[in-house]
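Geometric and topological summary
One-letter residues, chain by chain:
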Amino acid sequence: MMVICSMSCTNTKKTTYFNNALDAVVVPSLEDANMPLIHKSDILSITITSPNEKASALYNLPNTYSNNSTVTSTNGQSGAGYLVNSDGFIQLPGLGDIKVAGSTSKEVKDLITGMLLEKKLLIDPIVNIRHLNYEVTVLGEVGKPAVINVPSEKISLLKAIGLAGDITIFGKKDNVLLIREVNGKRQVKRIDLNSVNFLTSPYYYLQPNDLVYVEANKEKVATSSSFRQTLPTLLAALSVVLITVQLIKK
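Report follows, based on the coordinates. What you see is a predicted model, and the numbers here were worked out from it, not measured in a lab. (Residues numbered from 1 in each chain as written. Predicted model: local features only at pLDDT ≥ 70, side-chain atom pairs only at ≥ 80, totals over all residues. Heavy atoms only, no water.)

This next bit is on the overall build of the protein chain. Each helix and strand in the protein chain was counted, giving five helices and 11 strands. Considering only intrachain contacts with a sequence separation of at least 6, the fraction spanning at least 24 residues in the protein chain is 61%. Surface accessibility of the protein chain: about 15,500 Å² in total, with carbon and sulfur atoms responsible for 58%. (Helix = DSSP H or I, 4+ residues; strand = E, 2+ residues; numbered from the N terminus. Contact = heavy atoms within 4.5 Å. Areas by Shrake-Rupley, 256 points an atom, 1.4 Å probe, with all protein chains shown as cover.)

Right, let's talk about the sheet that holds strand β10 (residues 185-191) for a bit. In spatial order, the strands read β8-β7-β11-β9-β10; together these five strands make up an open sheet with mixed pairing. One side of each edge strand has no neighbouring strand; the edge strands of this open sheet are β8 (146-149) and β10. Strand-to-strand twist in this sheet, taken as the mean axis angle between neighbours without regard to direction, amounts to 20°. Here strand β9 (residues 176-182) pairs with strand β11 (residues 211-214) via three bridges, running antiparallel. Paired with Ile179 across the bridge in β11 is Leu211. (Pairing = 2+ DSSP bridges. Axes fitted to C-alpha atoms, helices over the stretch in contact; angles between N-to-C directions.)

Our next topic: the pairing of β10. Bridging between β9 and β10 involves seven bridges; their strand directions are antiparallel. Along β10, the bridge assignment pairs Glu181 with Arg186. The loop that links β9 with its antiparallel partner β10 comprises two residues; one of these, Asn183, has a positive phi angle of about 55°.

For the rest of this paragraph, the subject is the nonpolar core. Considering soluble globular proteins, one finds that nonpolar side chains tend to be buried as a cluster. If you look at the biggest cluster of nonpolar residues, it comprises 24 residues, and the most contacted ones within it are Ile155, Leu157, Leu193 and Leu206. Elements with a contribution of two residues or more to this core: β7 (135-140), α4 (157-163), β9 and β11. Residue contributions to this core peak at three residues, all from α4. If we ignore the near neighbours within four places in the chain, the residues touching Leu206 are Tyr134, Val136, Ile155, Ser156, Leu157, Ala160, Leu178, Arg180 and Val212. (Core = buried A, V, L, I, M, F, W, Y, C linked by side-chain atoms within 4.5 Å. Buried < 20%, exposed > 50% of the residue type's maximum accessible area, 1.4 Å probe, protein only.)

Below, the structure is given as structure tokens:
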């Protein structure tokens, strides 16, 4: 009886989130420290406006200057975007090549604004930048594995898992795999969603193109293995039954 109770308690802890969380725990904000970076092959929407609409129009022409790409957003609208090339640059009319890879949207916004003012091309310019292909992928032991579009350009690991149908009872919450590309190299991180420490982790918010994989636990592996072992026997038995029925009919 004690053994059964112990196993039950252990399984319950493994299937819940943040089982060591206490009341009145204050979690500091991680938003500023986790602003998504722009990467090579990202597609950016860049709009520039100013009090002089005619002068601003030059900078909002369709992107025919470098690697024009058309993407479709989640609301069905499509438009031209600037593809970050293999060297990490985009090309804007009147401004030329601009290095954007490795920077945040805010940093690129400030950079373009500064260039426009320095060259006296526009007065009081307003620059807006958005990722058009911001997406993350969730695979493995979740209800609905999916590639998730993120029009808000901000998504936590927990929200991504929720949108993918949550982790199934057979998924390992204490060993979630996160694959992230940083400076052209892939980083692999194991995350424990059973621990409240995750709430202050730099991996709480996802970055564009992150891949999340939820591994199956031992129970799922054992069940699958047992089924594969018994399947040939079941098929053989079914064949015998079918043959017997056919002989009786004759």
